[in-house]
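# Remarks on the overall topology
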Amino acid sequence: MIDVVDLSKSFGKLQVLRSITETIKDGEKVAIIGPSGSGKSTFLRCLNCLEDPTSGSIFFEGKDLADLRVDINLSRRHIGMVFQQFNLFNNKTVMGNITLAPVLVAKSERRKAMRHNTFAAVTNLFSKKKKEKLPVKSKKAIKAEAEENAMRLLERIGLADKAASYPSTLSGGQKQRIAIVRALAMNPKVMLFDEPTSALDPEMVGEVLELIKQVADEGMTMVIVTHEMGFAREVADRILFMDNGIILEQGTPEDIFTNPKQPRLKEFLSKVL
């Protein structure tokens, strides 16, 4: 699903990622661990070009997202992203946060369909080969569908009663679960999580990890940067250990936690387990 080829990223003279080549398969759950400053979050953000690579390619479903000729926004519709700091819009309700992107995308598709139908109507006046018109949803229907889907997701996480609330009234755990639901509302093909529990109080971590586990169990392709070693061990199919901008070692959770090979990984695990 995602193929990274010779990916490097520098900020000025600081090289953060060094010629990484890696593949994320459809349905795979990949956890990325490593010390602070090892390049984990930068690597994750490069996967959907929130950070532009200095060099290399990132292929998502065959399209190189690092190619300036590719419409990155079309691909991003299929890549959900959950950040450390929630990134909810404080001036919008929970419902408004969840429905914002789906409504904008649906309205964009509506405009494209209307332009197509106008062109088809004119063409059909002069051509024997008739162009078919596309169905066009009303703005009211678009909003209603988005809100119905949002309520379904909110009910799933037990926060349907918060639909009209604003983020400032929610706990950290509730905000992060809303952020995850907001990403899921776009029906993504892959989810990227950048240390989703690092900004939470310890007592709120469990409810967020439980939701991520549920999404994983449903077959979602995931890449998760995390400091939660127990969670990585339980959920991941494969674990990447990063240090100094490279993937120093990778393997199954059993390989990484029970039989680490690299001295740097052994040292890291001795400090975090």
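One structure accompanies this document, and this report is about it. None of the values given here were measured: they were computed from a predicted structure. (Residues numbered from 1 in each chain as written. Predicted model: local features only at pLDDT ≥ 70, side-chain atom pairs only at ≥ 80, totals over all residues. Heavy atoms only, no water.)

Direction vectors running N to C along helix 3 (residues 94–126) and helix 4 (residues 139–156) enclose 140°, while the axes themselves pass 9 Å from each other. Taken as axis vectors, helix 3 and helix 4 run oblique relative to one another. As for how helix 3 packs across helix 4, the hand of that crossing is right-handed. Residues Val94, Met95, Ile98, Thr99, Pro102, Val103, Ala106, Lys107 and Arg110 of helix 3 pack against Lys139, Ile142, Lys143, Ala146, Glu147, Ala150, Met151 and Leu154 of helix 4. Taken together, the residues of the contact of helix 3 with helix 4 sort by class into 11 nonpolar, one polar and five charged. (Axes fitted to C-alpha atoms, helices over the stretch in contact; angles between N-to-C directions. Helix = DSSP H or I, 4+ residues; strand = E, 2+ residues; numbered from the N terminus. Parallel < 35°, antiparallel > 145°, perpendicular 65-115°, else oblique. Left-handed = near helix turned anticlockwise from the far one by under 90°. Contact = heavy atoms within 4.5 Å. Nonpolar A, V, L, I, M, F, W, Y, C, P; charged D, E, K, R; others polar.)

The next subject is the packing of aromatic side chains. Under the counting rule described, the total for this entry stands at one aromatic pair. Consider the rings of Phe241 and Phe268, whose centres lie 5.3 Å apart with planes at 45°: the pair is tilted. Linking Phe241 in strand 9 (residues 238–243) with Phe268 in helix 9 (residues 263–272), this pair joins segments that are 27 residues apart in sequence. Assigned by exposure class, Phe241 and Phe268 land together as buried. (Phe/Tyr/Trp six-rings, centres within 6.5 Å; stacked < 30°, edge-to-face > 60°. Buried < 20%, exposed > 50% of the residue type's maximum accessible area, 1.4 Å probe, protein only.)

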